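Listed below, chain by chain, are the residues.
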Amino acid sequence: MAPPRRLPVPWLKPGVFAGALVPLVALAWQGLNGTLGADPVAIALNRFGLLALIFLLASLAATPAKLLLGWTWPLRLRRMLGLFAFFYACVHFATYVAVDQRFDWPVLWADVTKRKFMVVGFAAFLLLLPLALTSTDASVRRLGLRRWKALHRLAYLAGVLAAVHFLWRVKLDIRQPLLYALVLGALLLVRVVDAVRTRRAKAQRQTSASAA
Ligand code: HEM
């Protein structure tokens, strides 16, 4: 897999890395200062969940950016953005298990198996796990590019489940989760249109080759 062109600015990767940690540091700071509001645990849980979803969408935007804008540099950030989505999903889950439910396993099991928004949240998390574990170059070599790419298409399913998790969680004002779902839908649509076009072009080439 040929590495995409140089990043627009050399500090972009460390800059995005540092920037991705700012919400965590800010939240920890607010937590320590007691300025997180009346229900700090719910605030933290929701903010980490939102960050997980935002980074997942950002990593899924890399290929559409190449297809629509011809930008190849976002592909250099895709792995880091995907790993931050997994990182914040882990922090989100850990906040729920350790801080919110204080390791009350019977309640936890009941929640992630019975409450439907939690079931899809947990399913999204379980999907992110193999993607994070196979995010290394060594995994691409071991699996082979075709199988690796097929596996990492699961990122879209994780995105859909996370959007549904968000939608079912809010119940009343669904505008915000709907907006995230629309962004995810648009990114997926770009991929589907491109896949259909590629398949059609290939079929045409084969037809004209066999006609020749
Ligand atoms: C591991 C399984 C998961 C559990 C147990 C879980 C649990 C929760 C809980 C309890 C809330 C609501 C907190 C409240 O009532 O205030 C929540 C909200 C949320 N979670 Fe999860 N979640 C999980 C996985 C995920 C994943 C993988 C993502 C994204 C990739 C995610 C994204 C969100 C979002 C966006 C919200 C709503 C944030 C808001 O309202 O501002 N969750 N989750």
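Keep in mind that what you see is a predicted model, and the values were worked out from it rather than measured. (Residues numbered from 1 in each chain as written. Predicted model: local features only at pLDDT ≥ 70, side-chain atom pairs only at ≥ 80, totals over all residues. Heavy atoms only, no water.)

With respect to the site of the ligand
To be explicit about the condition: Proximity is defined per residue: any heavy atom of the residue falling within 4 Å of a molecule or strand makes that residue near it. Throughout this description, a polar contact denotes any pair of N or O atoms lying within 3.5 Å of each other; where both atoms belong to protein, one of them has to be capable of donating a hydrogen while the other can accept it, and for residues adjacent in sequence the pair is counted only when both atoms sit in side chains. Only DSSP runs of H or I reaching four residues or more are called helices, and only runs of E reaching two or more are called strands; each is numbered from the N terminus. Residues are sorted three ways: Asp, Glu, Lys and Arg are charged, Ala, Val, Leu, Ile, Met, Phe, Trp, Tyr, Cys and Pro are nonpolar, and all the rest, Gly among them, are polar.
The environment of the ligand is formed by 22 residues, the closest being Asn46, His92, Gly121, His165 and Arg169. Within the side chain of Asn46, a nitrogen or oxygen atom sits 2.9 Å from an oxygen atom of the ligand. Within the side chain of His92, one N or O atom sits 2.7 Å away from a nitrogen atom of the ligand. Going through the elements one at a time, α2 (40–60), α4 (74–100), α6 (116–133) and α9 (154–170) are the ones with two or more residues in the shell around the ligand. Among the elements that line the shell around the ligand, the one with the most residues is α2, at seven residues. Classifying every residue of the shell around the ligand gives 16 nonpolar, five polar and one charged.

Focus on a positive patch on the surface
Convention followed: Exposure above 30% relative accessible area and the lack of any salt bridge qualify a residue for a patch; like charges then connect within 9 Å, and the nonpolar side chains Val, Leu, Ile, Met, Phe, Trp and Tyr within 5 Å. Throughout, the Shrake-Rupley method with a 1.4 Å probe supplies accessible areas, and for residues the shown protein chains are the sole cover considered. Salt bridges, as used here, are contacts in which a Lys or Arg side-chain nitrogen is within 4 Å of a carboxyl oxygen on Asp or Glu. Asp and Glu count as negative and Lys and Arg as positive, but His and the ends of the chain are not part of the count. Charged groups are reduced to one reference atom each: NZ for lysine, CZ for arginine, CG for aspartic acid, CD for glutamic acid.
Residues Lys66, Arg146, Lys149, Arg153, Arg199, Lys202 and Arg205 make up a contiguous surface patch of positive charge. Secondary-structure elements contributing two or more residues to the positive patch are α8 (145–152) and α10 (175–211). No other element matches the three residues that α10 contributes to the positive patch. Tracing the backbone shows Arg199 in helix α10.

A few points about the coordination of the iron atom of the ligand
As a reminder, the rule being used: Each metal site is built from N, O and S donor atoms within 2.8 Å (3.2 Å for Na, K and Ca), and since water is not included, such sites may look incomplete. Only four donors with every angle between 85 and 135 degrees are called tetrahedral; only four or six donors with opposite donors over 155 degrees apart and all others between 65 and 115 are called square planar or octahedral, in that order; all others are irregular.
Every protein donor of the iron atom of the ligand is listed here as His92 (NE2) and His165 (NE2), and their distances to the metal cover 2.0 Å. Note that the iron atom of the ligand binds six donor atoms; their angles at the metal cover 87 to 179°, and the shape is octahedral. Taken together, the residues His92 in helix α4 and His165 in helix α9 connect sequence positions 73 residues apart.

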